[in-house]
Amino acid sequence: MKDALSEMVHLEDYRESEFLIDKTELCFDLGDAFTVVTSKLHIRRNPKTFNCLVSPLFLDGSLDLDLESISIDAVLLPKTAYSLEGGRLAIFEPSEQFVLQTIVNIKPQDNTALNGLYRSRDMFCSQCEAEGFRNITFYLDRPDVMSIFFTKIIADKKKYPVLLSNGNPINREELDNGTHSITWQDPFPKPSYLFALVAGKLGCVEDRFVTSSGRSVSLQIYVEEKDLGKCEHAMNSLKKSMRWDETTYGREYDLDIFMIVAVDDFNMGAMENKGLNIFNTSAVLADPKITTDASFQNIEAIVAHEYFHNWSGNRVTCRDWFQLSLKEGFTVFRDAQFSADMNSPTVKRIQDVSFLRTHQFAEDAGTMSHPVQPNSYLEINNFYTVTIYEKGAEIVGMLHSLLGAEQFRSATDLYFDRHDGEAVTIEDFVRAMEDTSGINLEQFRLWYKQSGTPIVSVSSEYSENSQRFMLTFEQSCPDTPGQFDKKPFLIPIRLGLLNSNGESHRLNTVGDKEIMFKLLDKKQSVAFENISSRPIPALLRGFSAPVKLNYQYSDEELALLSAKDTDGFIRWDACQQLAFRVFREPSNLFGRDTCPQEEILLTTYEQLLSEEDMDPALVALMLQLPGEPLLHDKKNGVDPEAIHRRRETLRSSLAEKLGAKLEAVYHAQNSYQTYEPASSQIGVRSLKNTVLDYLMYTELGVELAWQQFKESDNMTDQSSALRCLVNCSRSVNYARIATERFECQWKHETLAMNIWFQIQSASFQKNTLVRVEELLKHSLFDIRNPNKVRSVIGSFCGNNLINFHKQNGTGYDFLENHIKILNDINPQIGARLVVPLTRWRRYIAPHSRLMRRALQRLSELPDLSKDISEVVLKSL
Ligand code: TRP
Ligand code: ZN
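Before going into details, it helps to say that this report is about the structure given with it. Nothing here was measured: the structure is a model prediction, and the numbers come from that model.

Re the site of ligand 1
Here's step 1: In the vicinity of ligand 1 there are 16 residues, among which Glu129, Ala270, Glu272, Glu306 and Glu328 approach most closely.
Here's step 2: Between ligand 1 and His305 there is a distance of 3.2 Å, counted from an oxygen atom to a side-chain nitrogen or oxygen.
Here's step 3: For ligand 1, a nitrogen atom lies 3.4 Å from a polar atom in the side chain of Lys327.
Here's step 4: Protein contacts shield 97% of the accessible area of ligand 1, which totals 370 Å² for the unbound molecule.
Here's step 5: Among the elements of the structure, strand S20 (270-271), helix H3 (293-308) and helix H4 (324-342) are those that each provide at least two residues to the shell around ligand 1.
Here's step 6: Residue composition of the shell around ligand 1, by class: six nonpolar, five polar and five charged.

Some words on the pairing of strand S17 (residues 203-210)
Here's step 1: Direction of pairing for S17 relative to strand S18 (residues 216-223): antiparallel, over a ladder of eight bridges. Residue pairing in the sheet places Gly203 in a bridge with Val223 of S18.
Here's step 2: The loop that links S17 with its antiparallel partner S18 comprises five residues; one of these, Gly214, has a positive phi angle of about 95°.

Remarks on the coordination of the zinc ion (ligand 2)
Here's step 1: Taken together, the protein ligands of the zinc ion (ligand 2) are His305 (NE2), His309 (NE2), Glu328 (OE) and Glu328 (OE), with distances of 1.9 to 2.8 Å.
Here's step 2: Every donor residue of the zinc ion (ligand 2) comes from the same chain, spaced as H-x3-H-x18-E.

A few points about the side chain of Asn803
Here's step 1: You can see Asn803 is positioned in helix H23 (residues 801-804).
Here's step 2: Side chain to side chain, Asn803 and Lys806 meet in a polar contact 3.1 Å long.
Here's step 3: Apart from residues no more than four positions distant in its own chain, Asn803 is found in contact with Ser763, Phe764, Gln765, Lys766, Thr768, Phe796 and Gly811.

Focus: the sheet that holds strand S27 (residues 491-498)
Here's step 1: Read from one edge to the other, the open sheet built from three strands follows the order S28-S27-S30, with strand pairing classed as antiparallel. The open sheet has two edge strands, strand S28 (515-519) and strand S30 (536-539), and neither has a second partner. Between one strand and the next, the sheet's axes are offset by a mean angle of 40°, whatever the strand orientation.
Here's step 2: Across five bridges, S27 lies against S28 in antiparallel orientation. Bridging from a neighbouring strand, Arg494 pairs with Met516 of S28.
Here's step 3: Strands S27 and S30 of the sheet are contacted by helix H9 (residues 555-564), whose axis makes an angle of about 60° with S30.

With respect to the side chain of Glu129
Here's step 1: By the element assignment, Glu129 lies in the loop between strand S11 (123-127) and strand S12 (147-156).
Here's step 2: For Glu129, a relative accessible area of 7% corresponds to the buried category.
Here's step 3: Side-chain polar atoms of Glu129 contact the side chain of Lys327, separated by 2.7 Å.
Here's step 4: Of note is the side chain of Glu129, whose polar atom sits 2.7 Å from the side chain of Tyr384.
Here's step 5: In contact with Glu129, not counting residues within four places along its chain, are Asn115, Tyr193, Met271, Glu272, Trp321, Leu324, Lys327, Glu328 and Tyr384.

Description of the sheet that holds S17
Here's step 1: Strand order across the open sheet formed by five strands is S17-S18-S19-S21-S20, with mixed pairing between neighbours. Every other strand in the sheet has two partners, leaving S17 and S20 as the edge strands with one partner each.
Here's step 2: Relative to strand S21 (residues 276-280), strand S19 (residues 257-263) runs parallel, the two sharing five bridges. Each residue of the ladder has a partner; that of Ala262, found in S21, is Phe279.
Here's step 3: Sheet strands touched by helix H2 (residues 232-249): S17, S18 and S19. Its angle to S17, the strand with the most contacts, is close to 25°.
Here's step 4: Each of S19, S20 and S21 is contacted by H3, which is oriented at about 150° to S21, the strand it contacts most.

Section: helix H25 (residues 827-838)
Here's step 1: Here H25 spans 16 Å end to end across 12 residues, near enough to the 16 Å set by a 1.5 Å rise per residue.
Here's step 2: With 10 of its 12 residues buried, H25 lies for the most part within the structure.
Here's step 3: Considered for burial, the residues of H25 that qualify are Pro827, Gln828, Ile829, Gly830, Ala831, Leu833, Val834, Pro836, Leu837 and Thr838.
Here's step 4: Packed against the buried residues of H25 are helix H22 (786-798), H23, helix H24 (810-825), helix H26 (847-859) and helix H27 (866-875).

Focus: the packing of H25 against H26
Here's step 1: Close contact between H25 and H26 brings their axes to 9 Å; oriented N to C, the two are set at 140°. Judged on the interaxial angle alone, H26 and H25 are oblique. Residues Val834, Pro836, Leu837 and Thr838 of H25 touch H26, and the partners they reach there are Met851, Ala854, Leu855 and Leu858.

Here we look at the pattern of salt bridges
Here's step 1: For the structure on display, the rule yields 59 salt bridges.
Here's step 2: Across the pair Lys327 and Glu272 runs a salt bridge whose closest N-O atoms are separated by 2.8 Å. Within this pair, whereas Lys327 is found in helix H4, its partner Glu272 is found in the loop between S20 and S21, the two being separated by 55 residues in sequence. Just as Lys327 is buried, Glu272 falls in that class too.
Here's step 3: Linked by salt bridges that have partners in common, Glu427, Asp428, Arg431, Glu434, Glu442 and Arg445 make up one network.

Rules used in this analysis
- Per chain, residue numbering runs from 1 following the sequence as it is written.
- Whichever chain is written first becomes A and whichever ligand is written first becomes 1, with later ones labelled in order.
- The predicted origin of the model limits local features to residues at a pLDDT of at least 70 and limits the giving and counting of side-chain atom pairs to 80 or more, whereas totals for whole chains, interfaces and linings rest on all residues.
- Just so you know, side-chain values use all the structure's heavy atoms and leave hydrogens and water out.
- The cutoff for a nearby residue is simple: one of its non-hydrogen atoms must lie within 4 Å of the molecule or strand.
- Polar contact criterion, stated in full: a pair of N or O atoms within 3.5 Å, where within protein one must be able to donate a hydrogen and the other to accept it, and residues adjacent in sequence count only if both atoms are side-chain atoms.
- Residue exposure ignores everything except the shown protein chains as possible cover, and the areas themselves are Shrake-Rupley values with a 1.4 Å probe.
- A run of H or I in DSSP counts as a helix once it spans at least four residues, and a run of E counts as a strand once it spans at least two, with each numbered from the N terminus.
- When residues are sorted by character, Ala, Val, Leu, Ile, Met, Phe, Trp, Tyr, Cys and Pro go into the nonpolar class, Asp, Glu, Lys and Arg into the charged class, and all the rest, Gly among them, into the polar class.
- Strands pair, by our definition, only if DSSP identifies at least two bridges between them.
- Sites may look incomplete, because water is not among the atoms used; the donor set itself consists of N, O and S atoms within 2.8 Å of the metal (3.2 Å for Na, K and Ca).
- Residue contacts follow a heavy-atom distance rule, with two residues in contact if any of their heavy atoms lie within 4.5 Å.
- A fitted line through C-alpha atoms serves as each axis, taken over the contacting stretch for helices, and the angle formed by two N-to-C directions is quoted from 0 to 180°.
- We call a residue buried when its accessible area falls under 20% of the maximum for its residue type, exposed when it is over 50%, and partly exposed in between, using a 1.4 Å probe and counting protein chains only.
- Expected span of a helix, by definition, is 1.5 Å for each gap between consecutive residues, and there is one gap fewer than residues.
- Roughly parallel means an angle under 35 degrees; roughly antiparallel means over 145; roughly perpendicular covers 65 to 115; every other angle is labelled oblique.
- Only one rule defines a salt bridge in this text: a Lys or Arg side-chain nitrogen within 4 Å of an Asp or Glu carboxyl oxygen.

Okay, here's the thing in structure tokens:
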């Protein structure tokens, strides 16, 4: 641990770079044995940091760079003038201004970490965020060093007809031995993390977009020839995003070309490289037959996200990686607004809250808890987290509600205008908000600095005599690693009051039925006058702040909120709270009898299923009980078996009692329409498949699922049916046949097969680990492909909690072994897989002890990567 700690990077150590790079000229000679990278850096001293001490120039690099030659101003450098240590290059007596040329050999074909230049199937591609560029050549690999780039790519013309980099192509040459070259120029100064290179035999789908000022932009999506028919949805999403950013933020695209390339091997979803976004195929390719509704929506959101980065990330970038949420939090907020506008805002909000509660709240309660602006890290790749992204987006969302839409837009205009072409900090963003609105955001800034999920406890008092209703709010925030005794946050709480008929009270003399209450103090009250009877408060409408809110509702009050509130989020959340109560009391958890909440949930669902004009998408969400990962989010005493069993009995008893209603809804929603990934249809399919999931506990379900599996013409229905059959103990034969048929039908479609792997790995059946071991030996499984790892190992350990947490520890041993393997292959992916083990403190014995033992053994491994050791060591 000591060794690891000494390599930590601290925010307080940030210093401006002593050197700048005005121009970067690169030449890549792509070969099968190795690739030669020639780099000419036009370097000069940073006038802002100039001091008389002649310090050496340190360039970031890596042990994988094989240095061929190094020269300054075209003169070879003697061995005494530089040194190479731990991959870093030091130039001892740099002058004021010079051109540094280095030639290095690298081996992209051996780069299984997918960080830097690497190969995915038959193509070359790159991933440089956050610090991958140093695996390509020696450089000042930090986001505040911005340079214009010229990139020449030389490669065999037959194997690599397409050669891409950032910006515009400025020169093409036919060379000897069947090679060719293309040179690209990117006129916008950018940090190295936004550099990209692609070479391969790729097909291209092309379209055009005319910007608001009338410039015509060529839009190009590059994919393997076989996938050319699956690009339409991504292209439409791109055009919608471009138009939306113009109308909503006044942001226009700035180059003549915008390219997207899809690659199979990719650590994350996609990457916003300037003018040349590189995507995981799973985030681009779509076809109703092999793509689920969820994926269609995910593709739309990711295309938008990466496109929006052109302004929030590229034109205005981050000063250092502690500012990561500056671009990610803001851009997630922007893509969520976009998705809400394109689809249903309520559904989008509920999905986001559900995701935040399941993943970010757990992260914030765990050993990797960190502020949205962290103070230190060992490996920056470990900080691409739900906290930086999703909690960061929630903070921007709170700024949006505090300022109002109009002021918020003025503030972003000011921010983009003021900082265009700069590398800035979160503070610069907040200051733009402050300068525009005149609102003092001093206390609000704590959201960026303090980690942990705030808890807001609310109590109420009603006086019939004075017709007065008073709410008292009290906030606290649990201690998190390195942080104790936190200061109170500014928490915006949107609220309304309902009477017993579910009608909204007027809350003030103006007649508002909803207000935004600003909780500033540790304890604070608000009173409402002329309230004729004891009201039911609807608190935190729209989930107006990322907090845990407690109010002692009666079960009946929750039922009323779920039926009558004006806010879809509140209606959904009331159902969630009712369901949670079933698991809260040990007597509920272990008892044999049904509990009162179960009865109320049942009547709530009965009413819901009888309502005529309800949005099917919302009904589907309300019918979905909290998932096991969320039910495991407790400080201690988590018993995976008890939770799983209780959830199953709850579902089966609901299914039994709702039987006929569910069946009717299933058939009503199953009317045939030509498939379209439109949100109206998506809602219908979502309700149908949610209902089918319940029906699996009844006699009828198995036949319905089998029929649906056979007859469906789209992946949403087909995969839902397969999942139902695989998870049901009474349909073993159908499950086997369906699994085989699915494989036979889709074995040539990688993305469809990922779903196949995922469904089986997440199966609740008892023998799943045995099946998972078989899947790992399947000819289509490849541990070097992150999507496959996520589909099998990630899905088993992250979603299949009943099987992962087997009493005998086989699930933990399984994960430990695969983390060891991934440590050598792809540490970034390995580190993400460790997370379920780090939650060992929550669990009852023997789970906690066995999980801890697995971590302990991992920590003792020689050659443990920084990525994995940071997560492992912090958790012990
Ligand atoms: N900036 C990317 C995004 O927001 C994130 C990303 C893509 C990334 N690939 C990565 C981060 C690899 C770290 C490592 O979508
Ligand atoms: Zn992003």
